[in-house]
Number of protein chains: 2
Amino acid sequence: MPLIRPDIDRMAGYVPGEQPQESGWTKLNTNENPYPPSPKVAEAITRAANGRLNVYPDPLGTQVRREIAEQFNVEPDWVIPANGSDENLTLITRTFCDADDLIAYPYPSYILYESLAEIQGARHERILLNADWSWNWDIASPIIERAKVVFLPNPNSPSGNIWSDGDLLRLIPPNGVLVLDGAYADFADTRTKAEILSRPGVGERVIVTRTLSKSYSLAGIRSGFAIAHPNLIAAMRKVKDSYNCDSLTLAGTLAALQDEDWMLANVDRIRTTRARLTDSLKQLGFNFVPSQSNFVWATRPNGGHREIYESLKAQKILVRYMRFPEVPYAPGNLLDGLRITVGTDPEIDCLLDALNGLV
Amino acid sequence: MPLIRPDIDRMAGYVPGEQPQESGWTKLNTNENPYPPSPKVAEAITRAANGRLNVYPDPLGTQVRREIAEQFNVEPDWVIPANGSDENLTLITRTFCDADDLIAYPYPSYILYESLAEIQGARHERILLNADWSWNWDIASPIIERAKVVFLPNPNSPSGNIWSDGDLLRLIPPNGVLVLDGAYADFADTRTKAEILSRPGVGERVIVTRTLSKSYSLAGIRSGFAIAHPNLIAAMRKVKDSYNCDSLTLAGTLAALQDEDWMLANVDRIRTTRARLTDSLKQLGFNFVPSQSNFVWATRPNGGHREIYESLKAQKILVRYMRFPEVPYAPGNLLDGLRITVGTDPEIDCLLDALNGLV
């Protein structure tokens, strides 16, 4: 009898972007926000650190749930805070997917969904997107029809494009749930909250997930939340660890959410830099997808992306080289390119200088 | 098709001890340490909070792993830090247990193991202990023989007793792993680390788990770790979320571990108070198990435990009323009693005063 579950033994494991622990890197590879969070966050965490760390946190994160409920125009029992949005995505697979249930997600997209399906031992299928990142309904509709969970990052990664509400409504599985992963939603031209949940026919069929890692500059504290019908949230609560969010993260999350203006100012700066980055990439001969996120998917007509990634890395500039096999419209069935996080203006200048010397 | 997995839908869900969020309670119900953590913890967290929270934490918690490895006399690849010991217990079920695998645990004991098995959809069996909390090998051995994972809290809860190394070695399943949950290990007369891992025949068959919630007074930051053969740790790493420990918790954990003396001083105070508590309980007519932990399992010959719990609660004193059905040696097959956390001396005085008025 093998000790480790065969599903786990055979899987490669999700590999997150490189996280060099020493300084000196221009880090444009994991879509972190280059600006610091609201100073109120550090104040709140410091207060909590000098408070009663010997006692367990509030298992339901009541204050945080109330704040989110108010901002997203739902009742608190529609909200579940988590140890990063990652935890909510994991909880969703564990709450809704048995071995014979199907997990579906667009492709190319965020590859973590596939790892989560493998860990859960559930069936999984990619929904191949068109070359322009739009939906091919002949491919998508029959998969959606059979899916228990559809994971959908909107905006998408690595492309940064956003899909319309009309598309989203068509992607709700008739016998399952659509998970709208809004990790990058705050960077879009039209900032949505959870309005879709009040659309007719949505009911218990959509879960909205959010993270404080990107727009709120808080990747370090691991804070995310999901919003859905209380029946779904109650089931997810049974699956989560009792005290999934620590007292420090809960305190920092509340302070960050209460200073939304700080976040919005950072988002504005990033959007401005994003426009400059895409203009410059175009002048350097890159193709790119108009981005609604804090990163840009850049490709060159003649490829050579890995070489560019490696040359940049040699100069201590990290971007994300990504490759997606089994993409029939790409040369050799392989789509690859560079996903570049929108950093500060000096960071982007540094990148553009280096690219100027390379291409 | 039901939306929620039938396993999840039918389970009640683990209910942690009450966590009143307002002050004024004498809280002796969830085995928190009444003393504050080392002041170096708040310093380290404050530094981290004023550092770079916009970037992701080190996904492997390298510095924490090094410190644990040194203290437990293993190499760093034997260590996995987690978002509380709870997360490691969850990771273990997800790494090792498919639906037809058996999860076993002593009974009466920590009931969370049963919830974890239910969530994972794995088979599970209780191993009934003798009335004096020793092992009945006629019951235990055949279950161990078939088990994939055996969870064992040592010291046990709610009893607080500790089992010998001889017992532990007999509890290693021949085709699985024994999980030694050492949540309360620092409170025992003989403080062990992970010595058992170097015993002949143990190899990849034992996982030692620890938490900083109890002895280190850090329930609020959610920090635990597991120690095992690197093959097991590598598999668990594939299952965990990439950034399962946040930067604040990692900083606080490192500072706490580096101030072991502070923890040991608190443990000494608790052990002294524990002796006084058990003496007084005896005088009040309670039976109790000699405790190697930071709590005491107290029962009365004629029962009435729930009433005592409720009368104490009415006086804003919380202890844990626990009931274990299907215990054949108990009257009406129901074992119940009070699990009392060893608080500060004034807290225990307050409890004893109240009990004096009740019994």
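Here the structure is a predicted model, which means the values were calculated and not measured.

**Q** Any chance you could break down the overall build of chain A for me, citing the residues and the numbers?
**A** Within chain A one finds 12 helices and 12 strands. The C-alpha radius of gyration computed for chain A amounts to 20 Å, which stays within 12% of the reference 21 Å derived for 359 residues, consistent with globular compactness. If you line up chain A on its principal axes, its C-alpha atoms span 55 × 50 × 50 Å. Here chain A, with 359 residues, has 53% of them falling under the buried criterion.

**Q** Break down the environment of Asp345(B) for me, with residues and values.
**A** All names here are of chain B. Turning to its location among the elements, aspartate 345 is positioned in helix α12 (residues 345–358). Using a count of 14 C-beta atoms within 10 Å as the deciding quantity, one classes aspartate 345 as partly exposed. C-alpha of aspartate 345 to C-alpha of arginine 276: the two residues are 69 residues apart in sequence and 8.9 Å apart in space.

**Q** Account for the interface of chain A and chain B, naming residues and giving values.
**A** Taken together, the contact between chain A and chain B spans 64 residues of the former and 64 residues of the latter. A per-element tally of the side of chain A that touches chain B places helix α4 (residues 85–96) of chain A first, with six residues. For the side of chain A that touches chain B, the residue count by class is 31 nonpolar, 19 polar and 14 charged.

**Q** Residue-level account of the sheet that holds strand β2 (residues 79–82) of chain A, with values.
**A** Residue and element names in this part refer to chain A. Read across the sheet, seven strands follow the order β2-β8-β7-β6-β5-β3-β4 without closing on themselves; strand pairing throughout is mixed. Every other strand in the sheet has two partners, leaving β2 and β4 (123–128) as the edge strands with one partner each. Geometrically, the sheet is characterised by an average inter-axis angle of 20° between neighbouring strands, direction not taken into account. Bridging between strand β7 (residues 206–211) and strand β8 (residues 224–227) involves four bridges; their strand directions are antiparallel. Of the residues in β8, the one forming a bridge with threonine 209 is alanine 226.

**Q** Please give an account of helix α5 (residues 112–120) of chain B that cites residues and values.
**A** Most of α5(B) sits out of view: eight of its nine residues are buried. Just past α5(B), the residue Gly121(B) takes up positive phi, approximately 75°.

**Q** Explain helix α12 (residues 345–358) of chain A to me, and be specific about the residues and the numbers.
**A** Helical geometry note: an α-helix holds 3.6 residues per turn, so side chains three or four residues apart project in the same direction. With 14 residues, α12(A) extends 20 Å from end C-alpha to end C-alpha; this agrees with the ideal 20 Å at 1.5 Å per step. In this structure, the buried side of α12(A) is in contact with β1 (26–28), α10 (260–283) and β11 (317–324) of chain A.

**Q** Residue-level account of the relation of the copies chain A and chain B, with values.
**A** Mapping chain A onto chain B is achieved by rotating through 180° and translating by 0.0 Å along the same axis, at an RMSD of 0.0 Å. The two molecules are tied by a two-fold rotation axis, judged by turn and shift. Across chain A, the smallest distance between a C-alpha and the rotation axis is recorded for Thr46(A), namely 2.6 Å. A shared interface surface links the copies, since 100% of the contact residues of chain A are contact residues in chain B too.

**Q** Run through the domain arrangement of chain A, naming residues and quoting values.
**A** Residue and element names in this part refer to chain A. Taken domain by domain, chain A comprises domain 1 (6–36 + 261–358) and domain 2 (39–259). Distance between the C-alpha centres of domain 1 and domain 2: 23 Å. On the side of domain 2, 26 residues touch domain 1, which itself brings 32 residues to the contact. Counting residues per element, the ones that place at least two in the side of domain 1 that touches domain 2 are α1 (6–10), α10, β10 (295–299), β11 and β12 (335–341). Among the elements that line the side of domain 1 that touches domain 2, the one with the most residues is α10, at seven residues.

**Q** Mind laying out the sheet that holds strand β9 (residues 287–288) of chain B, listing which residues take part and the relevant values?
**A** All names here are of chain B. Taking strand neighbours across the sheet as the criterion, the five strands line up as β1-β11-β12-β10-β9 in an open arrangement whose pairing is mixed. Sheet topology places β1 (26–28) and β9 at the edges, where each strand pairs with a single neighbour. Direction of pairing for β1 relative to strand β11 (residues 317–324): parallel, over a ladder of three bridges. Its bridge partner lying in β11, lysine 27 is registered against leucine 318. Helix-sheet contacts for helix α10 (residues 260–283) involve β9 and β10 (295–299), and the interaxial angle to β10 is about 5°.

**Q** Summarise unusual backbone geometry; cite the residues concerned and give the values.
**A** Residues and elements named next belong to chain A. Put simply, serine 157 and proline 158 share a cis peptide bond, and its omega is 10°. Structurally, the position occupied by proline 158 is in the loop between β5 (149–153) and α7 (165–170). Phi angles above zero are rare outside glycine, and glutamate 326 is one such case at about 60°. Relative to the elements of secondary structure, glutamate 326 occurs in the loop between β11 and β12.

**Q** Quick rundown of the nonpolar core? Include the residues and the values.
**A** In terms of nonpolar packing, the biggest core is built from 203 residues, with Val150(A) and Val150(B) touching the most fellow members. Each residue touching Val150(A), except ones within four places of it in the same chain, is listed here: Ala104(A), Tyr105(A), Ile144(A), Leu171(A), Pro173(A), Gly176(A), Leu178(A) and Val179(A).

**Q** Any details on the pairing of strand β7 (residues 206–211) of chain B? Residues and values, ideally.
**A** With respect to burial, β7(B) is a largely interior element, six of its six residues being buried. Along β7(B), one buried face is formed by Val206(B), Val208(B) and Arg210(B) and the opposite face, lined by Ile207(B), Thr209(B) and Thr211(B), is buried too.

**Q** An account of the confidence of the model for chain A is needed here, citing residue identities and associated values.
**A** Looking at chain A as a whole, the pLDDT averages 97, with 100% of positions reaching at least 70. At the level of chain-chain contacts, confidence expressed as ipTM amounts to 0.97, with global pTM at 0.97.

**Q** Break down the environment of Cys245(A) for me, citing the residues and quoting the values.
**A** Residue and element names in this part refer to chain A. Mapped onto the elements, cysteine 245 comes out in the loop between α8 (230–239) and α9 (247–258). Taking C-alpha positions, cysteine 245 is 7.9 Å from serine 223, a pair spaced 22 residues apart along the chain. Beyond its immediate stretch of four places on either side in the chain, cysteine 245 contacts Pro57, Gly61, Pro81, Ala82, Asn83 and Leu250.

**Q** So what about the packing of helix α4 (residues 85–96) of chain B against helix α8 (residues 230–239) of chain B? Which residues, and what values?
**A** All names here are of chain B. At a minimum axis distance of 9 Å, the contact between α4 and α8 shows a crossing angle of 100°. Classified by the interaxial angle, the pair formed by α4 and α8 is roughly perpendicular. Seen from α4, the contacting residues are Leu91, Ile92, Arg94 and Thr95; seen from α8, they are Ala235, Met236 and Val239. Per-class residue counts for the contact of α4 with α8 are five nonpolar, one polar and one charged.

**Q** Account for the packing of helix α2 (residues 39–49) of chain B against helix α9 (residues 247–257) of chain B, with residues named and values stated.
**A** The relative placement of two packed helices is expressed as an angle between their axes plus a distance between the axes. Residue and element names in this part refer to chain B. Interaxial distance between α2 and α9 falls to 8 Å at its minimum, and their mutual angle equals 150°. As summarised for this structure, α2 and α9 are arranged roughly antiparallel, according to the angle between their axes. Note on packing geometry: the crossing formed by α2 with α9 is right-handed. For the pair α2 and α9, contact is made by Lys40, Val41, Glu43, Ala44, Ile45, Arg47, Ala48 and Ala49 and by Ser247, Leu248, Ala251, Gly252, Leu254, Ala255 and Ala256, respectively. Taken together, the residues of the contact of α2 with α9 break down into 10 nonpolar, two polar and three charged.

**Q** Got a sec to walk through the pairing of strand β3 (residues 102–107) of chain B? Specific residues and values, please.
**A** Residues and elements named next belong to chain B. Counting buried residues in β3 gives five out of six residues, a clear majority hidden from the surface. Judged from the six bridges that link them, β3 and strand β4 (residues 123–128) form a sheet pairing that is parallel. Residue pairing in the sheet places leucine 102 in a bridge with arginine 123 of β4. Viewed along the sheet, the connection from β3 through α5 into β4 turns out right-handed. As paired strands, β3 and strand β5 (residues 149–153) are joined by two bridges and run parallel to one another. Across the sheet, isoleucine 103 pairs through a bridge with valine 149, a residue of β5.

Calculation notes
Residues numbered from 1 in each chain as written. Chains lettered and ligands numbered in written order. Predicted model: local features only at pLDDT ≥ 70, side-chain atom pairs only at ≥ 80, totals over all residues. Helix = DSSP H or I, 4+ residues; strand = E, 2+ residues; numbered from the N terminus. Rg over C-alpha atoms; globule rule 2.2 N^0.38 Å. Buried ≥ 20, exposed ≤ 12 C-beta atoms within 10 Å, placed from the backbone. Contact = placed C-beta atoms within 7 Å. Nonpolar A, V, L, I, M, F, W, Y, C, P; charged D, E, K, R; others polar. Pairing = 2+ DSSP bridges. Axes fitted to C-alpha atoms, helices over the stretch in contact; angles between N-to-C directions. Expected span 1.5 Å × (residues − 1). Least-squares fit on C-alpha atoms with pLDDT ≥ 70 in both. Domains from an automatic or database assignment. Core = buried A, V, L, I, M, F, W, Y, C linked by C-beta atoms within 7 Å. pLDDT = per-residue confidence, 0-100. Parallel < 35°, antiparallel > 145°, perpendicular 65-115°, else oblique. Left-handed = near helix turned anticlockwise from the far one by under 90°. Right-handed = clockwise from strand over helix to strand, strands pointing away.

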